[in-house]
Each structure stands twice: as C-alpha cells, then as structure tokens.
Amino acid sequence: MQFRIIKTNGNARSCVMETKRGVVSTPAFIPVATTGTVKAISTDELKEMGAEILLCNTYHLYLRPGADTVSSLGGIHKFINWDRPVLSDSGGFQVYSLSALRKIEESGVHFRSHIDGSLHFIGPKEAMQIQSLLGSDITMTFDECTPYPSTYEYALRSLELTINWAQKCKENRKEGQSLFGISQGSIFKDLRSESIEKLVEIGFDGYAVGGLSVGEPKEEMYEMIYFTAPLLPVDKPRYLMGIGELRDVLTAVETGFDLFDCVMPTRNARNGTLFTSRGRISIKRTEYKSDRAPLDPDCNCYTCRNYSRGYLRHIFLSKEILSMRLNTIHNLYFYFNFFRNMRKSIAEDTFCNFKTQWEQILS
Ligand SMILES: [Zn+2]
C-alpha cells in the first residue's frame, strides 16, 4: 500500500492511500458493513455515493457464516460484490463488547458466541488467519479494547498484552495484506505514549487509536485525540477507530487523523434521525406531517430529489422497509458529501472556516 500526503492545512491533511483495489482519498469515512452488508443498501449504491472503502467485522463473519465459507465463496470482495478496498477489524472490540464469558490468557481470549453460546478462542494468530481467509486489503492487529473506567494497573496490563499480540500479528501477517497496529492505554497519557512508541518499533503500514468513545467524558476523549495524533508517524495513515460523530471528526481531522468508521449515520437513519445542512432532524415529528419540502433542500441524493418530508415521515411511522432504505441513502450521501467538502477545504486552506461553520450547525 502506498500512502501520500497531498496537502496540509495546519495539522489537517488530505492524503491518498493507494491499494491494489483502488485509491482512498482521506480524510475518509469508512461505512460499516458489519456482517458483510451496510444495512439497507447495496454495494452499487455505495459506489454511486462515492464510498471508496468498507469495513467488515471479523468477529461477525467468523461466527456466521464462518471465514472458511467466505473463502470458499471467493473471498470477501466476491462474497459481498465489492471490488474496492476492504478493511477488516481484528474482532477484538466485539469479543469484549458482545460475547459472554470472556477469559483472557496470554495467547488469546476464550469466549462464547452471542448467537448460540458456542465456545470459541481467538488470539493474534487466529485473528490473522481469519482475516487472511476473508482476504481483506487492510487487516488490524488483535487487541484488548480496554474498558472505561479502568485502573492504571489494569490499563497497563492490558496494554502490555495488546503490544505482545501486535508483535505476534506482525509475525503472522499474510503476503498481500496491509496491517495496522492499534494503540490502547485508556485515558492515561504515559500509557498511550508507550503504546504508540512500541507499535512504531514493531512497524506497521498504518496506526490506529482504539479504546476511545467507550463511555469516557468528551473532554477526556478530546484530550486523548490531541495527545495521540502528534505521536503517530506522519508518513502513515492515522485511523481513529469507532468515532464518526461529525463534531468529533472535525476535531480529529484538525489534529491530523485520516480515517474514521462509525455506524452512526446508518443506525440513526433507521431510527429516523437524519443529518441535514441545517442540523439534525427527527423525521417522526408532527411538524413534518404536511411538509412538501425535501429532507434537505441542499442535498442532491436520490431521497431528497424524489421524496417529501411528509412522505418520509409517513413511511417511517408505518414502519415500511423503504423508510430505512431512503433514510440510509440520505444519511450516507450526506456523510460522503461532508467528507468531500472537508477534503476540498484542506486543499483550499480553508479547513478552519469549514470547521467553525459546521460546529455552529452541529451545536
Ligand atoms: Zn438527501
């Protein structure tokens, strides 16, 4: 994978990641295709909106249909009908957030499936093996997503385990796949700094900051974003995992982060919360009952070009499947457009104005 910085504006930067399956322009939003699908829409629709990369969850695909099955059906790209880059997470986050009866050892984690209660084991070797069977373009190291709050002692032990696993992931890395390392260390600056230092020593194709947005106050999260960004190598992609609220994205881009993933635009869409150029709206509100206007007069998506707020409210309240589709199309289009305009503002040295303007709209 090649990584080039195209333009900087302060610490904000616009870059390109070149993979054998295509180019990703950053700052980039990575839609989450949890079980191999971005809920409610097709991969052709994603392409049309400008998606350049998708994230698939290793934990989910490993449990169902199984990495061997994905492999026997031609690998993740063929399986989900997507010929652009795919990033797979390592499964670490879901092992901790979804599964029951976790037992952590030096070599990995024993856990029970959240689907049928069956027993499983994933360690760094297994995580690399599964991601290899999936055939993703970018793989992630297996980590323990340190819970919040954690004591300093717990965070330290957890960090040592994560670094040890990162080393093993590097040793088991498969030809033709990029590998990103994940920093942990909770909200302790010295641990974050140690974590990044050790990851850089091992050497990865990109660096991610994990373990944020897990329940800590916003101020603590922002402090960690400000603190970690300058410690990450300049010449590699910087990925802030699981964060996609636009105000958080603006702050992170300002410090020099490049990649973001989040289920927020798709999950909110299904719940009837929609992003517009004038702020968020809840489509179920009575005020939209007889509203002929599109969701967002400034949006050019399929939903806004063809449907009124009154209709979108009606099909949302009637729990029609089309409601989820139309809302998801709009929210993702809005996100891609936001990121496109953000990259443009960096190119034109106006990122600071872009940020101020959007912070007012989003507040
Ligand atoms: Zn729209």
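This write-up is about the structure you can find in this document.

Cut-offs and rules
Residues numbered from 1 in each chain as written. Predicted model: local features only at pLDDT ≥ 70, side-chain atom pairs only at ≥ 80, totals over all residues. Heavy atoms only, no water. Pairing = 2+ DSSP bridges. Helix = DSSP H or I, 4+ residues; strand = E, 2+ residues; numbered from the N terminus. Axes fitted to C-alpha atoms, helices over the stretch in contact; angles between N-to-C directions. Contact = heavy atoms within 4.5 Å. Polar contact = N/O pair within 3.5 Å; in protein donor to acceptor, adjacent residues only side chain to side chain. Donors = N, O, S within 2.8 Å, 3.2 Å for Na, K, Ca; no water. Tetrahedral: all angles 85-135°; square planar, octahedral: opposite > 155°, others 65-115°. Salt bridge = Lys/Arg side-chain N within 4 Å of Asp/Glu carboxyl O. Buried < 20%, exposed > 50% of the residue type's maximum accessible area, 1.4 Å probe, protein only.

1. Re the sheet that holds strand β10 (residues 119-122)
Strand order in the open sheet formed by three strands is β8-β9-β10, with antiparallel pairing between adjacent strands. The sheet is open, and its two edges are formed by β8 (100-105) and β10, each paired on a single side. Between one strand axis and the next, the sheet turns by 15 degrees as a mean value, whatever way the strands run. Relative to strand β9 (residues 108-112), β8 runs antiparallel, the two sharing four bridges. The residue of β9 that forms the bridge with A100 is R112. Across the sheet, helix α7 (residues 152-171) touches β8 and β9, and the angle it forms with β8 is around 75 degrees.

2. Structural notes on the environment of Y335
Relative to the helices and strands, Y335 is located in helix α14 (residues 321-347). For the pair Y335 and M49, spaced 286 residues apart in the sequence, the C-alpha separation amounts to 9.5 Å. Y335 has contacts with F29, G244, E245, L246, M264, P265 and F275, leaving out every residue within four places of it along the chain. For Y335, the side chain forms a polar contact with the main-chain oxygen of G244, separated by 2.5 Å.

3. Here we look at the coordination of the zinc ion
Bound to the zinc ion on the protein side are C299 (SG), C301 (SG), C304 (SG) and H330 (ND1), at distances that span 2.1 to 2.3 Å. Note that the zinc ion binds four donor atoms; their angles at the metal cover 100 to 116 degrees, and the shape is tetrahedral. Donor residues for the zinc ion sit on one chain with the sequence pattern C-x1-C-x2-C-x25-H.

4. Thoughts on the pattern of salt bridges
By the definition in use, this model includes 18 salt bridges. Residue D205 is joined to R173 by a salt bridge in which the shortest nitrogen-to-oxygen separation is 3.1 Å. Of this pair, D205 sits in the loop between α8 (189-202) and β13 (206-209) while R173 sits in the loop between α7 and β12 (178-183); the two residues are 32 residues apart in sequence, bridging distant segments of the chain. Residue R173 is classed as partly exposed on the basis of its relative accessible area of 33%. Residue K355 pairs with E254 through a salt bridge whose shortest N-O separation is 3.2 Å. Placement of K355 in helix α15 (residues 351-362) and of E254 in helix α10 (residues 246-255) is noted, with a sequence separation of 101 residues between them. Judged by relative accessible area, K355 falls into the buried class, the value being 11%. A relative accessible area of 30% means that E254 is categorised as partly exposed. Taken together, the shared-partner salt bridges connect K218, E245 and D248 into one network.

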